[in-house]
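Structural overview
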Amino acid sequence: MLIDPFERHVSYLRVSVTDRCDFRCVYCMSEHMTFLPKAELLSLEELDRLCSAFISLGVKKLRVSGGEPLVRRGIMTLFKSLGRHLDSGALEELTLTTNGSQLARYANELVDYGVRRVNVSLDTLDEANFVATTRWGKYDKVMAGIEAAQAAGLRVKINTVALNGVNDGEIEDLVRWCGEKDMDLTFIETMPMGEIDGDRSEQYLPLTQVRARMAETWTLDENDYDSGGPARYVTLRETGQRVGFITPLSHNFCESCNRVRLTCTGTLYMCLGQEDAADLRAPLRASEDDAAVIAAIHEAITRKPKGHDFIIDRSHLGPAVQRHMSVTGG
Ligand code: SAM
Ligand code: SF4
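Below or above, wherever it landed, is the structure these notes cover.

What counts and how
- Sequence order as written defines residue numbering, which begins from 1 separately in each chain.
- Here every chain gets a letter starting at A, and every ligand a number starting at 1, in the order they are written.
- Residue-level local features of this predicted model are given only where pLDDT is at least 70; pairs of side-chain atoms are given and counted only at 80 or more, and the full residue set underlies all totals for whole chains, interfaces and linings.
- Working from all heavy atoms in the structure, the side-chain values ignore hydrogens and water.
- Salt bridge, as applied in this entry: a Lys or Arg side-chain nitrogen positioned within 4 Å of an Asp or Glu carboxyl oxygen.
- The helix and strand labels rest on DSSP assignments: H or I over at least four residues marks a helix, E over at least two residues marks a strand, and numbering proceeds from the N terminus.
- Burial classification: accessible surface area is computed with a 1.4 Å probe over protein chains only, and a residue below 20% of its type maximum counts as buried, one above 50% as exposed, and the rest as partly exposed.
- Only a single heavy atom is needed: when it lies within 4 Å of a molecule or strand, its residue is near that molecule or strand.
- Think of a polar contact as two N or O atoms within 3.5 Å of one another; within protein, one of them needs to be a possible hydrogen donor and the other a possible acceptor, and neighboring residues in sequence only count if both atoms come from side chains.
- Areas reported here follow the Shrake-Rupley algorithm with a probe of radius 1.4 Å; residue values treat only the protein chains shown as occluding.
- Amino acids outside the nonpolar list (Ala, Val, Leu, Ile, Met, Phe, Trp, Tyr, Cys, Pro) and the charged list (Asp, Glu, Lys, Arg) are all regarded as polar, and Gly is one of them.
- The method works on a 1 Å grid over the protein atoms by themselves. A cavity is a set of points holding a 1.4 Å probe that cannot get out, a pocket is an open set with protein on both sides within 12 Å along at least five of seven lines, and residues with an atom within 4 Å of a point line them.
- Grid points are joined across faces, edges and corners, and a volume is the space filled by probe spheres set on the points.
- Starting at the helix axis, one direction is taken to each C-beta atom, and the arc is that of these directions.
- In what follows, a contact means two residues having at least one pair of non-hydrogen atoms within 4.5 Å.
- Should DSSP find at least two bridges between two strands, the strands are regarded as paired.
- Stacked, tilted and edge-to-face are the three classes assigned to paired rings of Phe, Tyr and Trp, where Trp is represented by its six-membered ring and a pair needs centres within 6.5 Å; plane angles under 30 degrees give stacked, over 60 edge-to-face, the rest tilted.
- Placement of a charge over a ring requires the Lys NZ or Arg CZ to be within 6 Å of the ring centre, with the centre-to-atom vector within 35 degrees of the ring normal.
- Throughout, an axis means a line fitted to C-alpha atoms (over the contacting stretch in the case of helices), and angles, computed between N-to-C directions, take values from 0 to 180 degrees.
- Working definition: roughly parallel below 35 degrees, roughly antiparallel above 145 degrees, roughly perpendicular at 65 to 115 degrees, and oblique for all remaining angles.
- Left-handed describes a crossing in which the near helix is turned anticlockwise from the far one by less than a right angle; the clockwise case is right-handed.

One pass over the full model with this rule turns up 16 salt bridges. The partner of glutamate 93 in a salt bridge is lysine 61, with the nearest N and O atoms 3.6 Å apart. Placement of glutamate 93 in strand E3 (residues 93–98) and of lysine 61 in strand E2 (residues 61–65) is noted, with a sequence separation of 32 residues between them. The two residues glutamate 93 and lysine 61 agree in class, both being buried. Taken together, the shared-partner salt bridges in this structure form one network comprising Arg155, Asp182, Asp184 and Arg242.

A separate point is the site of ligand 1. Around ligand 1, a shell composed of 19 residues is seen, among which Tyr27, Gly67, Thr97, Ser121 and Met191 lie nearest. At a separation of 3.2 Å, an oxygen atom of ligand 1 approaches a polar backbone atom of threonine 98. Against a free-state accessible area of 540 Å², the protein chains account for coverage of 95% of ligand 1. Elements with a minimum of two residues in the shell around ligand 1: E3, strand E5 (155–162) and helix H11 (325–328). When its residues are assigned to classes, the shell around ligand 1 shows five nonpolar, eleven polar and three charged.

Glancing now at the layout of surface pockets. The gaps left among the atoms become clear once a water-sized probe is rolled over them. Taken as a whole, the second largest pocket holds about 200 Å³ of empty space. In terms of lining residues, the second largest pocket is bounded by Thr18, Arg20, Lys38, Leu41, Val71, Arg72 and Arg73. In terms of residue class, the lining of the second largest pocket is made up of two nonpolar, one polar and four charged.

Let us now look at helix H3 (residues 103–112). Within H3, the full set of buried residues consists of Leu103, Tyr106, Ala107 and Leu110. Considered in projection along H3, the buried side chains sweep an arc of 130° and stay on one side of the axis. Structural note: H3 exposes Arg105, Asn108 and Asp112 on the side pointing more than 90 degrees away from its buried face. Buried-residue contacts for H3 involve helix H2 (75–88), E3, strand E4 (117–121) and helix H5 (139–151). Glycine 114 sits one or two positions beyond H3 and adopts a positive phi of about 105°.

The subject of this paragraph is the site of ligand 2. In the region of ligand 2, the neighbouring residues are Cys21, Phe23, Arg24, Cys25, Cys28, Met29, Gly67 and Asn99. Here the residues of the shell around ligand 2 are counted per class, giving five nonpolar, two polar and one charged.

What follows deals with unusual backbone geometry. A positive phi is found at glutamate 7, a non-glycine position, where the angle reads about 65°. Within the secondary structure, glutamate 7 sits in the segment before strand E1 (12–16). By relative accessible area, glutamate 7 is classed as exposed at 67%. In this structure, aspartate 182 is a non-glycine residue whose phi angle is positive, near 55°.

A few words now on the pairing of strand E8 (residues 232–236). As judged from the four bridges shared by strand E7 (residues 220–223) and E8, these two strands associate in the antiparallel manner. When the bridges of E8 are listed, leucine 220 appears paired with leucine 236. Across four bridges, E8 lies against strand E9 (residues 242–246) in antiparallel orientation. Residue valine 234 lies in a different strand from E9, and its bridge partner there is valine 243. Between E8 and E9, which pair antiparallel in sequence order, lie five residues; one of them, glycine 240, sits at a positive phi of approximately 80°.

Applying the stated criterion across every chain yields a total of four aromatic pairs. Where phenylalanine 23 meets phenylalanine 130, the ring centres are 6.0 Å apart and the plane angle is 90°; that geometry is what we call edge-to-face. Separated by 107 residues along the polypeptide, phenylalanine 23 in the loop between E1 and helix H1 (44–56) and phenylalanine 130 in helix H4 (residues 127–134) bring together distant segments of the chain. When sorted by exposure, phenylalanine 23 lands in the same class as phenylalanine 130, which is buried. Plain terms: the ring middles of tyrosine 225 and tyrosine 233 are 4.9 Å apart, the flat faces sit at 75° to each other, and that makes the pair edge-to-face. Following the ring pairs from residue to residue traces out a cluster consisting of Phe23, Phe130 and Tyr139. Above the ring of tyrosine 12, the side-chain terminus of lysine 61 is found at 4.9 Å from the ring centroid.

Let's shift gears to the packing of H3 against H5. Two packed helices can be described by the angle between their axes and the distance between those axes. Interaxial distance between H3 and H5 falls to 8 Å at its minimum, and their mutual angle equals 15°. In terms of axis orientation, H3 runs roughly parallel to H5. Here the hand of the crossing between H3 and H5 comes out right-handed. Between H3, through Leu103, Ala104 and Ala107, and H5, the contact on the second element is made entirely by Ala144, Gly145, Ala148 and Ala149.

Written out as structure tokens, the structure reads:
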């Protein structure tokens, strides 16, 4: 079992399998990114070995993310091999966060390998707005991907980053659209991670404002549903729909944090909002035996910090941490 110094049980691993992406969302990346040389990446076999080490230490939930995880060549072999831990019962859930662009191609295979739920990031339903926000995204492909995922039997949750001047006028539409399609929806506050081309203080839309806007249309009943993550939920009394809010800035939720994040080069971040990290690649490559890597994981967990301290305002214009969200997968 992995227990940190604050008695939190680490049972959730997020893995960024690539820092590359076929989109350039304005809050996530700058348009001209320098990505890691491919030679520095762990192979899919090495990623499997690391994930399996975490599972042997009690990790029950594993989320594959990125960059865009579905653009990594051969990525289905990783899902296929990790699926064995679902079969054995050691792993309870294998999931994916994706921008949806490749879902039409992979939805059926994901189901074959044991994936039951996917998070699809979608910030707007307006095609022109979508292109402006993702820069390189193809709206129709994402919509087709969501449809294919549902047709394949995957439960889809939409993640929407609340953004001033992008989707602040679309909150009701997004909620209604998800309700009609029977998809859960979670709003997320933008976090100050990595250099982007724009000004984050202009993008930042506190979710208190999103809630206030929703409350003009629906009665929001507090809901004690606990997905095991940072989201807090309300139920819309009129429709019964559940909507989540992830508020790393306006309300910090670190006391219940159960997760750590692994990058595609084998670096483990114990907190999304801190720079401290542990290198697992060297112990992984040092021997075929997992003893050294397991010792390194235990040592890293002793350094899991109490929490993050994100701030976005006019006096904090730079990122709180230098790496982009795509390095750790969100
Ligand atoms: N490319 C995939 C996607 O977009 O779903 C997976 C990786 S992406 C980094 C994971 C999540 O992080 C997405 O929901 C995205 O909207 C969110 N994200 C990216 N940068 C963010 C930021 N600076 N603040 C808050 N959320 C961010
Ligand atoms: Fe790519 Fe996801 Fe970042 Fe958008 S949010 S640029 S889709 S990694």
